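Coordinates in review
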Amino acid sequence: MKRFRRHGHDSQRDKLKQELYQFNKTVEHGFPHQPSALGYSPDLDLLAIGTRSGAIKLYGAPGVEFMGLHDENATVTQVHFLPHQLELVTLLDDNSLHMWTLRAHQGVSELLEVGRFTLTGPPGAPPSVTRVTTVLAHSSGELLLLGTEGGHVFVVEVPGFRELEERNISVEDVQARIPEEYGPRRNLECVEALQEKPLNQSQVLIGYGRGLMVLWDLDRQCAIQHFLGTQQLESVWWMENGESILSSHSDGSYCCWTTADGDVQSEPEKQDTPYGSFPCKAISKILQFPTKEGPPFLILSGGMPRASYGDRHCISVIHSKTHVALDFTSRIIDFFVIREGEQDTGDPSALVVLVEEELVVVDLQSEGWPVIQMPYLVPLHCSAITCSHHISGIPLKLWERILAAGSLQNTHYSKKSWPINGGQNLAAEPPQRDLLLTGHEDGTVRFWDASGVCLYPMYKLSTASVFHTDADPNDNLNQGAEGEWPPFRKVGCFDPYSDDPRLGIQKIHLCKYSGYLTVAGTAGQILVMELNDEVAEQVVPASVADLLQGQDGFRWKGHARLDVQEEPVSFPPGFQPFALVQCQPPAVVTAIALHSEWKLVAFGTSHGFGVYDYQQRCVVLARCTLNPSDQLAMEGPLSRVKSIKKSLRQSFRRIRRSRVSMRKHQTANAAKLQEINARLEAEALQEMELAPVQRRIEARSSDDSFTGLVRTLYFADSFITDSAHSTPSLWAGTNGGAVFAYMLRLPPMERRMDDPVTAQQAKEIQLMHRAPVVGLVVLDGRGVPLPEPLEVAHDLARSPDMLASHHLLVISEEQFKLFTLPKVSTKTKLKLTAIDGSRVRRVGVALFGSSRVEDYGENGLVVLTNQGELHVISLPSIKMQVHHPCIRREDVSGIASCVFTKHGQGFYLISPSEFERFSLSARWVVEPRSLVELPAKSSLDSGKARLQVDGTGDSRGGRGNSDDDNSASHVMEHALLNDEKVLQEIQKSLEGDGGQTGHTDHMQTSQFNMLSNGD
């Protein structure tokens, strides 16, 4: 009977788990990595971006997002929406064409791939005959015209991808009709351009690489006009009236041709080189749009003088007497113009430019052509991301004050609203306000609204002004000098260069109740800030914390500390520093903790930890944790870049020295020598940072390097000396498996400014296996983690139970151990699997709410391992609840970048510019839910039903429906991480956390393969 009762209990628990836990990868935030193609549908008002990894992303109104992934790991070279349809066609660099559709399912749209096609030439024909160079989606919505390298134009019926051989335009047919005055028969080269004639859909302009342009009648199957260009052709553009053509060329010139002057035109009506007579680069694309009142807009990319400005990435906009060369910081992929009016036929309103590292939208109707602020696709990596911090449930007052400070920074943006608004966002309003803070290499902290699907920029904080740096604040490279030619204007915010790497932000902590913010950097600097709504000019007082505490024999070999400004500095409204702590030696800050109720900040480096009282502006405690063997800790991260060869060489030298020394003393025996060699070889392997699966699971020596590095700090009001009286305390965990507990004595409130805060060591725990301590949590008498500072005072949490005994949970890389307080005796523990080398890398406490019962929830420990697996462990029972593979184990930097929320969600970098968002909670899920429908007029104009493509019927790339092995939970991750360059790029922007990689098979996630925006 007991067995049956236990089985019933287990079944009930399993059901409860399903109501509490559910793993989903929900949305990618940021800018797509390595974009390669751009498309736009005026009918649907949707933007499409293709990437080098084969991903396709669609964006409309804020919150309307779709993602797809081609099976082929090939670059998307072109994206074309079919006019008046819900379909789009992609061309990959493997010469395959793919048809995608937005299909409604249960009230939301899904992006599905419904067909694929590859041109096949006659037997024995060279590949260039069918190598597609340009695609024209015909306005009928029924035809694709495909221009090839061989000069042929193939006509394909869609959606069935059926080649209409009788309508193909062969290069031989074109050559046979070339006028004699064009010279002897010669190779026309590839088809560079295909453009349908306005007001006459049966005529198409074909532009060949050598310069010839032919107006071809699709119905009569013959050439109507020839334009005998002789300069290498780059692009063509029809004037709106269909009477004139613009062509751009490789020598930096463009020509204007008219269609009313007979069958053959040997010379253009007008020819111009915008940037002078010196050799210029090619004008790769040219557009011209009329305006109702006044001259037209001429927009062209490239054309810069080759010798002087050949390295610039520019788009020139010319309107009347205004001429601006928009200067971008990365290579231009493509651009298009949005026009006013329902039929997209009015005046130009916005220029949308996709460059390699960002998307820029320029307002063409406001004076000065300002940039429009982005609601999504913001480049997170304007400066490389070095750390991140998430805060849930921001109070409204703090939220509004941050928004107000951010709005003052956005005065240079256009006041015009975002111009791309296709689709309907059906996602529910976020239940709370969440902030994601990212620290960057240039010393900035950026505040993002992470409440919903769009990661919206709110405010940017810069710490560089506190210090003397090489940057000159008056050195403005963004604007060209008055009268300069070409008239450059810097646009975009991507700027990957840092004036001083020591400014890099390493740790962030924000108290949402008091508004105090602490940021710590690469050179041992800790800034304490408060939110101020007014401009303030002040000197930031600095205190030095000597963490060596007189230790002899240690000499710092790393970078110097940053010099603090001695003169008053003007700080804009927002977070303003009022105190600075400088660690000495100036090593990277590895841990911080803020207790705004006690007005204390704890900080730790590889040398020790300390406590700073920011009310009295003084250092309370400085404790050195260095081991005599920690000489490497004195080198610093900027000088500690060593090759594997160097590591091996040093290790083998130590081995040889050991052998020589033992022979000299003649006391060595075989066993002793073997023991020393084994230890030294293990050191060499550890320095090489081999895969975790190859690491031996054994007790770690106290001689290991960086044992004194502080990994975690934790403030707690608990029982540290006896079980009758609770006292404020600080707990610190190190890389060597040591836990230090300090009792803090705080003066009464009325004497807080007069009497000093004191710290006295009360406990020290040394874990048996010396595994690094990565987390510390104190549980109250009910087994609930202690609330955050001021959380109880704001009536947002129950007061902790101070009657029953408290427990200390020590999370090391290898196990979870629960100690009773104040005796510090082991109560229970849970070990991670040691066979496959699992190590805890990230840990956080989360509340998991039930998806069925509104007021029921459980606290749990969320853990990410170096294998990329997520675990949820119950509190206080310390039992494994669920585990899911999440990140590829090879993605060391993705694992290092992971940050958890208080409600079971998380973020990690899948590329230098993108966060993947995931959820372990069944209740709290943030994912896109959107619907895209054809406008009523477009659907009537199309007048036909869309048919399923025969023979291909697989629907891939979407979140929601099952397929064989293509998993939606890592659509972008799979695409990006196939390329080792991506991992290397992320590695540059994040300090590795352990640096261990594995080589087991790719993780298996849920077998969902359809990109859906929810069901």
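Note that the structure is a prediction, hence the values are computed from the model and not measured.

1. Notes on the overall build of the chain
Summing up its helical and strand segments, the chain has 10 helices and 63 strands in all. Burial statistics for the chain: of 1015 residues in total, 57% are counted as buried. Long-range pairs, those at least 24 residues apart, make up 61% of the contacts in the chain between residues at least 6 apart in sequence. Surface summary for the chain: the accessible area is close to 42800 Å², and the carbon and sulfur share equals 48%.

2. Some remarks on the packing of aromatic side chains
As enumerated under the stated definition, the model contains 23 aromatic pairs in all. Pairing Y40 with F336 gives two aromatic rings, centres 4.5 Å apart and planes at 10°, and the pair type is stacked. Here Y40, found in strand β2 (residues 35–41), pairs with F336, found in strand β27 (residues 332–339); they are 296 residues apart in sequence, far enough to count as distant. Both residues of the pair, Y40 and F336, count as buried. Ring geometry for F900 versus F918: centroids 6.3 Å apart, planes at 80°, classification edge-to-face. Taken together, the positions of F900 in strand β59 (residues 899–900) and F918 in strand β61 (residues 914–921) put the pair 18 residues apart, joining distant regions of the chain. Residue classification places F900 among the buried positions, given a relative accessible area of 12%. Pairwise contacts between aromatic rings join F23, F900, Y908 and F918 into one cluster. We note R312 situated over the ring of F488; from NZ or CZ to the ring centre the distance is 4.1 Å. R923 extends its terminal NZ or CZ atom over the ring of W924, reaching a point 5.1 Å from the ring centre.

3. Digging into the nonpolar core
Grouped together as the largest cluster of nonpolar side chains are 34 residues, with contacts concentrated most on I402, L435, L437, F447, L517 and F575. Counting residues per element, this core draws most heavily on helix α4 (residues 396–409), which supplies 4 residues. If sequence neighbours within four positions are ignored, F447 has contacts with I402, L435, L436, L437, Y456, P457, M458, Y459, L461, L510, L517 and F575. In terms of nonpolar packing, the next biggest core, distinct from the first, is built from 33 residues, L767, L779, L809 and L821 among them.

4. Some details on the sheet that holds strand β5 (residues 65–69)
Pairing is antiparallel in the open sheet, where 4 strands are placed in the order β2-β3-β4-β5. Since the sheet does not close on itself, it has two edges, and those belong to β2 and β5, each with one partner. Put simply, the sheet's adjacent strands are angled 15° from each other on average, direction ignored.

The rules behind these values
- Residues numbered from 1 in each chain as written.
- Predicted model: local features only at pLDDT ≥ 70, side-chain atom pairs only at ≥ 80, totals over all residues.
- Heavy atoms only, no water.
- Helix = DSSP H or I, 4+ residues; strand = E, 2+ residues; numbered from the N terminus.
- Buried < 20%, exposed > 50% of the residue type's maximum accessible area, 1.4 Å probe, protein only.
- Contact = heavy atoms within 4.5 Å.
- Areas by Shrake-Rupley, 256 points an atom, 1.4 Å probe, with all protein chains shown as cover.
- Phe/Tyr/Trp six-rings, centres within 6.5 Å; stacked < 30°, edge-to-face > 60°.
- Lys NZ or Arg CZ within 6 Å of the ring centre and 35° of its normal.
- Core = buried A, V, L, I, M, F, W, Y, C linked by side-chain atoms within 4.5 Å.
- Pairing = 2+ DSSP bridges.
- Axes fitted to C-alpha atoms, helices over the stretch in contact; angles between N-to-C directions.

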